[in-house]
Structures are given as C-alpha cells and as structure tokens.
Amino acid sequence: EIINFWLEKGADGFRIDAVIFLFEDPEFRDEPPSGNPNFGPDEYDSLLHIYTRNYNETYDVMRELRVVVDDFPSDVSKLILLEAYESIDLVMRYYGTAEEPIADLPFNFEYLLRFEDEVVTGTRIKDAADLWLDNMPEGKWANWVTGNHDRSRIASKVDPRLVDGVNMINLLMPGTPITYYGEEIGMINTFISYEDTQDPFGCNFGPDMYEKYSRDPERTPMQWDSSVNSGFSTAEKPWLPLNPNYLEVNVENQLMAEESHLKIYKEIINLRKELAIQTGELQYLNVDESLFSFMRVTDNPTNQNYMVLVNFGETDSVVDVSANSLVPPVATVVIKSLSSTVTVG
C-alpha cells in the first residue's frame, strides 16, 4: 500500500535505505565479538553481525517489492535503488536475476570506499571498477558513487584539484553516475560543534567522540548563492550551519565564472549524449599509482571515441599513449579540469 501510494503520486522510483537490516534472527541470539582491537565494547564493529544482516527473507521481500513496482500501470519503467554496505557477493544478489530482478542499481559502495582511508591511486580506482564490473550479473548496469549523506564528498577525501577529474571518471565510465549534492561545485565538509550536531548517531557518543561518528559535516545546506543561508532557506537558523566558504563556493558564482567546477560538470553531462559514452566499450589505457586513463570506443568509424586521463600524482606527468592502436596520431582536448594546463580545442 505504501509503494502504490507513492507510485500514484507520480514517484519515478525508490531509494531503499539500509535494506540489509530488514530481517533479524528470530531467536534474538547475541552476536559474537569481532575481536577487532580498534573498536571498544560499545562500538558497532566490536561485534560480528551474523544475526542481523542479509537474511534470505530480505531478498524475498525486495523481490516482492520489485513485482509491485513493475505491475503498476505506467508508460515508463520505475527505478529501484538499494543501499547495502556489504561484501561484493552479497551486494550483487540485490540485482536479482534476469527472470527475477530486484534492484536496478544496488549502490556501488565498493567504489566509494576506495576513496577513503588510503591514498587514492589510479591502480586502486581500476581495481574498484573491475571488482564491480567483473562480479556484476550479465545484462545488469553499473553505477559509480563517491559521496553520500553518510560519507564525505570527494573534495574532502582527495586533493580538491581532483574534483573535475573524479567527476569525469564517474560520468564517463559505463554505467550510471550518482552525484551527491554539492559534488558538482566542489563543496567540502563543514566542522559542526557538538552543540550544533543533529545526527543522533554522533550525539550518542557524547562530546568527546561525536566527531568520529557524526555524519552532519556532509549534510550542511546546499550552497546556492552568497545571500543569507546561501539561498537554501529563509529560516533565521537552518538545521545545520553553513560552510563559511559559501560566499565563494556556490552555484551562482560558478555559473557566472568563465571556468568553474559546475560548468565543467555540465560539459561532461552534455558529453554523455555521445554514442561512445552511452554504448561504447571500456578500454583501459595507462594505469599506475599516479594515472588512471581509459577510452570509450565504438566500432563505427563515423563516431567519435573519447579518452579520459586523470593524474592522481603530486606532480605534472607526461603520458605516452601512442602504443595503443585505438589512439589516433592527433586528438582534440574536449574538456579539461580547472587545474589542467592543457588547451581545449
């Protein structure tokens, strides 16, 4: 009844949060200790959660939900996104099968997590992409996500100069790009005092530990312009404070600038109309610790092929791609990042 209520309102689909916890052990058995010394006895990862995640009944209910959505009379298909932080084999089960589909897209958090905790390298990006593409059921569709309401945006996880490069990867690899609001303009996390913290998960750990667990730093208002509350709200005080950089980093400024993250993002979106980006084969080029590069190619000689090169290193780099037969002797730069010194055209 809930699903049909929203479908009748015109909803185009559903994002289902924390789906792995839908069913739990009917005997309510205690979960065993994980033995991980990095977590105290009151922290979630101090236990192995074998009795509260991914019961087979969860997959059955998600399949039933898919049937309800698909049976709704509509001229367009409806989208189902599922959130499941789990091992790759369990996440892939949420795609379902050709005969019994479940989600159109379970979020690719394996890819997201490669941008956290360690130095991001071209090799790590390729490994994350291959992990998803190699395990994805035949006929299913990939997705690329680097930030969300629980995780920092990309500009807070890597060198901010890489914002455009990472957006290029996400939007030009085969699959669906998923952009968390603000990543298109390079928004970063905001420090939130304990007094201003709203996230119950952070508040539960008290003033000494809240920063480790609160997800509020990535949940601050969208930065639309340089007016009061950045044009997000007319309230005297928004739910969370704004990042002080909103006076400079905002949509209005970037639309007026000659070059900006937002304008580059729009150019990349426009490039997705090209056949090579929509249906072209993925071909890796040079990939190492500093470089991630790939091509999207079609067999049709009348169509343009596209190459993407992103430098994750600390210094400028000269890349020789001439050994690859797919690379023509002369190419044109279509889009460049703000930090790039190449010339477009």
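The structure reproduced in this document is the subject of the present report. Everything numeric here is computed off the predicted structure, so don't read it as measured data.

**Points about the pattern of salt bridges**
Summed over all chains, the structure comprises 19 salt bridges. Across the salt bridge formed by D150 and R215, the nearest N and O atoms sit 3.2 Å from each other. One end of the pair, D150, is in the loop between β4 (143-145) and α6 (163-172); the other, R215, is in the loop between α8 (206-213) and α9 (251-256), with 65 residues separating them in the sequence. With relative accessibility at 25%, the residue R215 sits in the partly exposed group. Linking K237 and D196 is a salt bridge whose minimum nitrogen-to-oxygen distance equals 3.6 Å. Of this pair, K237 sits in the loop between α8 and α9 while D196 sits in the loop between β5 (176-178) and α7 (200-203), placing them 41 residues apart in sequence. Accessibility expressed as a relative area gives 61% for K237, which makes it exposed. Residue classification places D196 among the partly exposed positions, given a relative accessible area of 24%. Among the ionic contacts, a cluster of salt bridges with common partners joins D150, D199, R215 and R219.

**So, the packing of α6 against helix α10 (residues 261-271)**
Interaxial distance between α6 and α10 falls to 10 Å at its minimum, and their mutual angle equals 20°. Between α6 and α10, the angle falls in the class roughly parallel. In terms of crossing hand, the pair formed by α6 and α10 is right-handed. The residues of α10 that touch α6, namely those facing V163, D164, N167, M168, L171 and L172, are H261, I264, Y265, I268, I269 and L271. For the contact of α6 with α10, the residue count by class is nine nonpolar, two polar and one charged.

**Observations concerning a nonpolar patch on the surface**
A contiguous nonpolar surface patch, about 350 Å² in accessible area, is contributed by I2, F5 and W6. According to the relative accessible area criterion, I2 is exposed, its value standing at 63%.

**Points about the layout of surface pockets**
For the second largest pocket, the calculated volume is near 1,100 Å³. Considering the residues around the second largest pocket, the lining is formed by 30 residues, among which Y85, D150, R151, F201 and R215 are closest to the centre. By residue number, the principal contributor to the lining of the second largest pocket is α8, which donates three residues. Classifying every residue of the lining of the second largest pocket gives eleven nonpolar, four polar and 15 charged.

**Here's the deal with the nonpolar core**
Counting 56 residues, the largest nonpolar core has L82 and F312 as the members making the most contacts within it. By residue number, the principal contributor to this core is α6, which donates six residues.

Reading the values: rules and limits
- Residues numbered from 1 in each chain as written.
- Predicted model: local features only at pLDDT ≥ 70, side-chain atom pairs only at ≥ 80, totals over all residues.
- Heavy atoms only, no water.
- Salt bridge = Lys/Arg side-chain N within 4 Å of Asp/Glu carboxyl O.
- Helix = DSSP H or I, 4+ residues; strand = E, 2+ residues; numbered from the N terminus.
- Buried < 20%, exposed > 50% of the residue type's maximum accessible area, 1.4 Å probe, protein only.
- Axes fitted to C-alpha atoms, helices over the stretch in contact; angles between N-to-C directions.
- Parallel < 35°, antiparallel > 145°, perpendicular 65-115°, else oblique.
- Left-handed = near helix turned anticlockwise from the far one by under 90°.
- Contact = heavy atoms within 4.5 Å.
- Nonpolar A, V, L, I, M, F, W, Y, C, P; charged D, E, K, R; others polar.
- Patch = residues over 30% accessible without salt bridge, like charges linked within 9 Å, V, L, I, M, F, W, Y side chains within 5 Å.
- Areas by Shrake-Rupley, 256 points an atom, 1.4 Å probe, with all protein chains shown as cover.
- 1 Å grid on protein atoms, 1.4 Å probe; cavity = no way out; pocket = protein on both sides within 12 Å on 5 of 7 lines; lining within 4 Å.
- Points joined across faces, edges and corners; volume = space filled by probe spheres on them.
- Core = buried A, V, L, I, M, F, W, Y, C linked by side-chain atoms within 4.5 Å.

Remember, this is a structural readout, not a statement about activity or role.
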